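# Observations on the three-dimensional arrangement
Residue-level listing of the chains:
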Amino acid sequence: MFPVEEIRKDFPILQRQVNGKPLVYFDNAATSQTPQQVIDAIVDYYSNYNANIHRGVHTLSQEATDKYEQARLKIQQHFNAKASHEIIMTSGTTHGINLVASGFGALLKKGDEVIVSALEHHSNIVPWQMMCERSGAVLKVIPMNDEGALVMSAYDALLSEKTKLVFVNHISNALGTINPIKDIIEKAHAVGAAVLIDGAQACPHVKPDVQALDVDFYVASAHKMCGPTGVGMLYGKEEWLNKLPPYQGGGEMIAEVSFEKTTYADLPHKFEAGTPNICGGIAFGAAIDYMNAIGFENIATYEHELLDYATAQLLEIDGLKIFGTSKQKTAVISFNLDGIHPYDVGTLLDKMGIAVRTGHHCAQPIMDYFKIPGTIRASIAFYNTKKEIDALAAAVKKAQLMLS
Ligand code: PMP
């Protein structure tokens, strides 16, 4: 049996009350909660070895550098990258995508095509639109169907020798759909296009193997997987990272600087200008250790049980509709109550101590597809329980009564 009660003791925040009620946290897709082990890593850094890295001869700087680089190795192993210099430390998924989009802006030319999907978060749409404006490349969109899954036959039809890059998410934050990324990558490679996968929503639930996927770029955020905010990772195949120009200029990313000419540092430093989020990177490593100690297979099995349970509980409520009904989905339930605005439901749930997300979830094209302003999204993590799902279902019924 999954030791959820033991696990919950690792999360101090789960003990707190909200509006006089025990906190029930179902906004995990926005940000996950932080276990004591990760909080301890943050406190340890600032209490014992806070220093700038990579250039200090003194002990604190060397200790901080060692710990930071160990974190990079943990990330490399976790994602099964071939080399640690293929892991670029970022401030999060958004930063990683912008870094790659900016680089491709310099490589692409008018008439080249790039492909996005209808299921994306704005952060995997807008940087590419900006890149297309600069380069003259054309953005094509893989459509979705009523289940919230991608129409793969349409993807096949979009691919051609003009396609240079495909960027899709591994799992949709708004609907929970798991995209067939292996297939997407294979088909893109068959026409010579590179692929970026936005793994922000996948990494809390699965352990991606970038070599097995043969993906060119993979991005994620620590704060979705029990780590702190403001830190993340970009995996890039070495040959691609060498081809892309640097993203930002500054300290750390140079080999030599003179007013006549500057040369750039080797990977990964070429893409890491300025002082990074040192403490955040180290805590990201601690979060990866924490999740691996529980085990991603155990997490997936338990979360699926909760997803099935929550889906059944919620569907018992008259007038409740779930958006995102693909069989390939993870622990996200996006729903609406007939005739009631999602925001009103979210506000009432908060009064009952229950945290959910309401709105368009930074995925307006999905809301446009369903012709709705937004949804109520309950996103589940491995520290949630069936009892909390019962509380959610009861609170939704109560909100419905109060609002109809
Ligand atoms: N992509 C997806 C699928 C997401 O869910 C999110 C976060 N909601 C992001 C990208 C952006 O992540 P961040 O804000 O951490 O950069």
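Computed from a prediction, not measured in an experiment: that's the story for all the values here.

Rules and cut-offs
Residues numbered from 1 in each chain as written. Predicted model: local features only at pLDDT ≥ 70, side-chain atom pairs only at ≥ 80, totals over all residues. Near = placed C-beta within 6 Å. Nonpolar A, V, L, I, M, F, W, Y, C, P; charged D, E, K, R; others polar. Axes fitted to C-alpha atoms, helices over the stretch in contact; angles between N-to-C directions. Helix = DSSP H or I, 4+ residues; strand = E, 2+ residues; numbered from the N terminus. Parallel < 35°, antiparallel > 145°, perpendicular 65-115°, else oblique. Left-handed = near helix turned anticlockwise from the far one by under 90°. Contact = placed C-beta atoms within 7 Å. UniProt positions renumbered as here; feature names shortened; annotations may be inferred. Core = buried A, V, L, I, M, F, W, Y, C linked by C-beta atoms within 7 Å. Buried ≥ 20, exposed ≤ 12 C-beta atoms within 10 Å, placed from the backbone. Domains from an automatic or database assignment. pLDDT = per-residue confidence, 0-100. Arc of directions from axis to C-beta. Pairing = 2+ DSSP bridges.

A few words now on the site of the ligand. As a matter of local geometry, the ligand sits amid 13 residues, with Gly92, Thr94, Asn173, Ala200 and Ser221 nearest to it. When the residues that make up the shell around the ligand are grouped by side-chain class, the tally is 2 nonpolar, 10 polar and 1 charged.

Another aspect to go through is the packing of helix α12 (residues 342-351) against helix α14 (residues 386-403). α14 packs onto α12 with a crossing angle of 120 degrees between their chain directions and a minimal axis gap of 9 Å. Put simply, α12 runs oblique to α14. With respect to the hand of their crossing, α12 and α14 are arranged in right-handed fashion. Taken together, the residues of α14 that come into contact with α12 (itself represented by Asp344, Val345, Leu348 and Leu349) are Ala395, Val396, Ala399, Met402 and Leu403.

Let us now look at the UniProt feature "domain: Aminotransferase class V" (unreviewed entry) in the chain. Per the UniProt record, "domain: Aminotransferase class V" (unreviewed entry) is annotated on residues 24-392. Secondary structure over residues 24-392 splits into 40% helix and 18% strand, and the C-alpha atoms at its two ends are 8 Å apart.

The next point concerns the nonpolar core. If you look at soluble globular proteins, the nonpolar side chains tend to sit buried side by side. Val166, Val195, Tyr235, Ile282, Ala287 and Leu392 are the most contacted members of the largest nonpolar core, which has 113 residues in total. Per-element accounting of this core gives the leading share, 10 residues, to helix α10 (residues 278-294). Residues lining this core come from more than one domain, with at least three contributed by each of domain 1 (4-30 + 295-403) and domain 2 (39-292). What Leu392 contacts, discounting residues up to four positions off in sequence, is Val24, Phe26, Ile354 and Ala378.

Another point: the confidence of the model for the chain. Counting all residues, the mean pLDDT for the chain is 97, and 100% of those residues have values of 70 or more. Both scores are given for the predicted complex: the pTM is 0.98, the ipTM 0.99.

So, about α12. What α12 keeps buried is the set Pro342, Val345, Gly346 and Leu349. Buried residues of α12 fall within an arc of 100 degrees about the axis and therefore sit on the same side. Those residues of α12 that are buried are in contact with β14 (332-337), β15 (354-355), β16 (357-359), β17 (375-379) and α14. Note on α12: the residue one or two positions beyond its end, Gly353, has a positive phi of about 85 degrees.

As a further point, take the domain arrangement of the chain. Each assigned domain of the chain is listed with its residue range as follows: domain 1 (4-30 + 295-403) and domain 2 (39-292). Domain 1 puts 24 residues into the contact, and the matching count from domain 2 is 24 residues. Of all the secondary-structure elements, those providing two or more residues to the side of domain 1 that touches domain 2 are α11 (296-315), β14 and α13 (364-370). Ranked by residues supplied to the side of domain 1 that touches domain 2, first place goes to α11 with 4 residues. Partitioning the side of domain 1 that touches domain 2 into residue classes produces 13 nonpolar, 9 polar and 2 charged.

Ordered in space as β13-β14-β17-β16, the 4 strands form an open sheet in which the pairing is antiparallel. Looking at the sheet topology across the chains shown, the edges are occupied by β13 (320-323) and β16. With strand direction ignored, the average angle separating the axes of adjacent strands in the sheet is 30 degrees. In this structure, β13 lies alongside β14, joined through 4 bridges in antiparallel fashion. Residue pairing across strands places Ile322 opposite Phe335, the latter belonging to β14.

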